[in-house]
There are 2 protein chains.
Amino acid sequence: MLKLSKLTDYATVILSHMAKDYLGMYASQEVSERTGIAQPTVSKILKILVKAKILTSVRGAKGGYLLASAPENITVAMVINALEGPIALTECSLSHKNCDHVRDCDIQGNWGVINQKILTMLESVTLADMLEPIKPANEIRISASSFFR
Amino acid sequence: MLKLSKLTDYATVILSHMAKDYLGMYASQEVSERTGIAQPTVSKILKILVKAKILTSVRGAKGGYLLASAPENITVAMVINALEGPIALTECSLSHKNCDHVRDCDIQGNWGVINQKILTMLESVTLADMLEPIKPANEIRISASSFFR
DNA sequence: ATTAAATAGTACTAAACTAGTCCACAATAA
DNA sequence: TTATTGTGGACTAGTTTAGTACTATTTAAT
């Protein structure tokens, strides 16, 4: 299905909530209430985002989380990378070492090219972009995608 | 990790093998030997590809599998779709119905746009492209991807 | 100092998914 | 008729994911 994990999906929801007032501080409790995502899950995601330096945290009472940089500087690729690790469609895109048993594989390089294109695309979309209402033109292109039922 | 399943990876290896002589017929046994992928696994993948109309099959002795169309007309998107189902990064890209518990989700539409871009890209790469040696220019761009360690 | 509020880190469980295998059945060439 | 090859479905072991729980640490407020 080539899909993102639920946690990554949640992370973008959480971050776009926080990006609305990106200088403000948010407690995990509040984020949970505002997004409808269970508190322990929100907490887990926030911790991961701190470790990835996408958020910074303040401990103690009145503590919370805030964006480590402006929404324009946080890319979708960064978020995916934080929650799922490196973006690599195939093992080969990451390292060319482990192809023991597949003998006539002429195609790893090309997977690498495809992978790189996706990466570039995901790096070009920022949190700020995610907040903007979608363009009508794009909306039309979406519904035109009938190939994948 | 945003990765394809192993089976999808195998499928592209198998198909690119078959694409070298795309009018020829290939028994699963032979494909297994030539690719180094275990026979039952090859067999499973070939069956799936037939169901997706990417291959056609001939039963009985001297039977086998052949490409249902020229390598130029078989896209990477078709192969992924066959093995993993619809390409949809988030649930929302597929259907906007199930977002019950996430209240302030302003971003599904934008996921749809991203998804569509990836889809368009994957639809533009054919089996024929996968067989061609990669361009040196692309090779350089791959190794330049240091962001995702 | 004490308490309450908040994050940090880690471990755990249940459910879902994936890879891989196997077997009984159907079709066809020789 | 027999050997060869695909068809369809079921099954298992292993891995991954989502979600939860618990303890420790930090800090503001009193």
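Definitions and limits used
- Residues numbered from 1 in each chain as written.
- Chains lettered and ligands numbered in written order.
- Predicted model: local features only at pLDDT ≥ 70, side-chain atom pairs only at ≥ 80, totals over all residues.
- Heavy atoms only, no water.
- Helix = DSSP H or I, 4+ residues; strand = E, 2+ residues; numbered from the N terminus.
- Buried < 20%, exposed > 50% of the residue type's maximum accessible area, 1.4 Å probe, protein only.
- Contact = heavy atoms within 4.5 Å.
- Near = heavy atom within 4 Å.
- Polar contact = N/O pair within 3.5 Å; in protein donor to acceptor, adjacent residues only side chain to side chain.
- Nonpolar A, V, L, I, M, F, W, Y, C, P; charged D, E, K, R; others polar.
- Axes fitted to C-alpha atoms, helices over the stretch in contact; angles between N-to-C directions.
- Parallel < 35°, antiparallel > 145°, perpendicular 65-115°, else oblique.
- Pairing = 2+ DSSP bridges.
- Core = buried A, V, L, I, M, F, W, Y, C linked by side-chain atoms within 4.5 Å.
- Expected span 1.5 Å × (residues − 1).

Engineer: So, the overall build of chain A: which residues are in play, and what are the values?
Structural biologist: Each helix and strand counted, chain A has 8 helices and 2 strands in total. Its helices and strands taken in sequence order, chain A reads α-α-α-β-β-α-α-α-α-α from the N to the C terminus. Counting only residues that meet the buried cut, chain A has 49% of its 149 residues in that class. In chain A, the proportion of contacts linking residues at least 24 apart, taken out of those at least 6 apart, comes to 62%.

Engineer: Can you lay out the protein's contact with DNA strand C for me, pointing to particular residues and giving the numbers?
Structural biologist: Around DNA strand C, the surrounding shell holds 23 residues, and the nearest of these are Lys-47, Ser-57 and Tyr-65 of chain A together with Lys-6 and Lys-44 of chain B. Across the atoms of DNA strand C situated within 4 Å of the protein, the share located in sugar and phosphate is 64%. Here a phosphate oxygen of DNA strand C and a side-chain polar atom of Tyr-10 of chain B are 3.4 Å apart. Elements with a minimum of two residues in the surface near DNA strand C: β1 (55-58) and β2 (64-67) of chain A together with α1 (6-19) and α3 (39-51) of chain B.

Engineer: Run through the protein's contact with DNA strand D, naming residues and quoting values.
Structural biologist: Taken together, 25 residues surround DNA strand D, and among them Lys-6, Lys-44 and Arg-59 of chain A together with Lys-47 and Ser-57 of chain B come closest. In DNA strand D, the atoms that sit within 4 Å of the protein are 64% sugar and phosphate, with bases accounting for the remainder. Interatomic distance of 2.9 Å between a side-chain N/O atom of Lys-47 of chain B and a base nitrogen of DNA strand D. Within the side chain of Tyr-65 of chain B, one N or O atom sits 2.9 Å away from a phosphate oxygen of DNA strand D. Put simply, the parts of the chain that give the surface near DNA strand D at least two residues each are α1 (6-19) and α3 (39-51) of chain A together with β1 (55-58) and β2 (64-67) of chain B. Split into classes, the residues belonging to the surface near DNA strand D amount to 10 nonpolar, 8 polar and 7 charged.

Engineer: Just give me the short version of unusual backbone geometry, but keep the residues and values in it.
Structural biologist: Residue and element names in this part refer to chain A. Although it is not a glycine, Lys-62 adopts a positive phi angle of roughly 65°. Here Lys-62 shows up in the loop between β1 and β2. Accessibility expressed as a relative area gives 80% for Lys-62, which makes it exposed.

Engineer: Now, about the packing of α1 of chain A against α3 of chain A: what can you tell me, with residues and values included?
Structural biologist: Residues and elements named next belong to chain A. At a closest axis distance of 10 Å, the pairing of α1 and α3 adopts a crossing angle of 80°. Considering their axes alone, α1 and α3 lie roughly perpendicular with respect to each other. Counting all contacts with α1, which are made through Leu-7, Tyr-10, Ala-11, Ile-14, Leu-15 and Met-18, the residues of α3 involved are Thr-41, Val-42, Lys-44, Ile-45, Leu-46 and Leu-49. Of the residues belonging to the contact of α1 with α3, the class tally is 10 nonpolar, 1 polar and 1 charged.

Engineer: Account for the pairing of β2 of chain A, with residues named and values stated.
Structural biologist: In this sheet, β2 of chain A lies alongside β1 of chain A in antiparallel orientation, the contact comprising 4 bridges. Looking at β2 of chain A, one finds that Ser-57 of chain A is bridged to Tyr-65 of chain A.

Engineer: Before we move on, could you go through the nonpolar core and cite the residues and values that matter?
Structural biologist: Judged by nonpolar contacts, the single largest core of 30 residues is most densely connected at Ile-114 and Leu-122 of chain A together with Ile-114 and Leu-122 of chain B. Broken down by secondary-structure element, the contributors of at least two residues to this core are α4 (76-84) and α6 (108-124) of chain A together with α4 (76-84) and α6 (108-123) of chain B. Those residues within four positions of Leu-122 of chain B in sequence are excluded, and the remaining contacts are Leu-2 and Ile-114 of chain A together with Thr-75, Val-76, Ala-77, Ile-80 and Ile-87 of chain B.

Engineer: Tell me about the environment of Thr-35 of chain B, and name the residues and values.
Structural biologist: Residues and elements named next belong to chain B. Counting through the fold element by element, Thr-35 comes out in helix α2 (residues 28-35). Exposure remark for Thr-35: the relative accessible area of 0% places this residue in the buried category. Each C-alpha atom of the pair Thr-35 and Tyr-10 lies 8.9 Å from the other, and the pair is 25 residues apart in sequence. In terms of polar contacts, Thr-35 uses its side chain to reach the backbone amide nitrogen of Ile-37, at 3.3 Å.

Engineer: Explain α1 of chain A to me, and be specific about the residues and the numbers.
Structural biologist: Here α1 of chain A contains 14 residues, and its C-alpha end-to-end distance of 20 Å stays within 8% of the 20 Å for a straight helix at 1.5 Å per residue. Turning to α1 of chain A, its buried residues are Thr-8, Asp-9, Tyr-10, Ala-11, Thr-12, Val-13, Ile-14, Leu-15, Ser-16, His-17, Met-18 and Ala-19 of chain A.

Engineer: Give a detailed account of the environment of Pro-86 of chain A, specifying residues and quantitative values.
Structural biologist: Mapped onto the elements of the fold, Pro-86 of chain A is located in the loop between α4 and α5 (91-94). For the pair Pro-86 of chain A and Leu-119 of chain A, spaced 33 residues apart in the sequence, the C-alpha separation amounts to 9.8 Å.

Engineer: Would you mind going over the packing of α1 of chain A against helix α2 (residues 28-35) of chain A in detail, with residue names and values included?
Structural biologist: All names here are of chain A. Interhelical geometry of α1 versus α2 gives an angle of 105° and a closest axis separation of 11 Å. Relative to α2, the element α1 lies roughly perpendicular. Along its contact with α1, which presents Val-13, Ile-14 and His-17, the element α2 presents Glu-30, Val-31, Arg-34 and Thr-35. Of the residues belonging to the contact of α1 with α2, the class tally is 3 nonpolar, 2 polar and 2 charged.

Engineer: Outline α4 of chain B, supporting the account with residue identities and numerical values.
Structural biologist: With respect to burial, α4 of chain B is a largely interior element, 7 of its 9 residues being buried. Following α4 of chain B by one or two positions, Gly-85 of chain B adopts a phi angle in the positive range, close to 85°.

Engineer: Which residues make up the environment of Gln-39 of chain A, and what are the values?
Structural biologist: Checked against the element boundaries, Gln-39 of chain A lands in helix α3. C-alpha separation for the pair Gln-39 of chain A and Ser-28 of chain A, spaced 11 residues apart in sequence, amounts to 6.9 Å.

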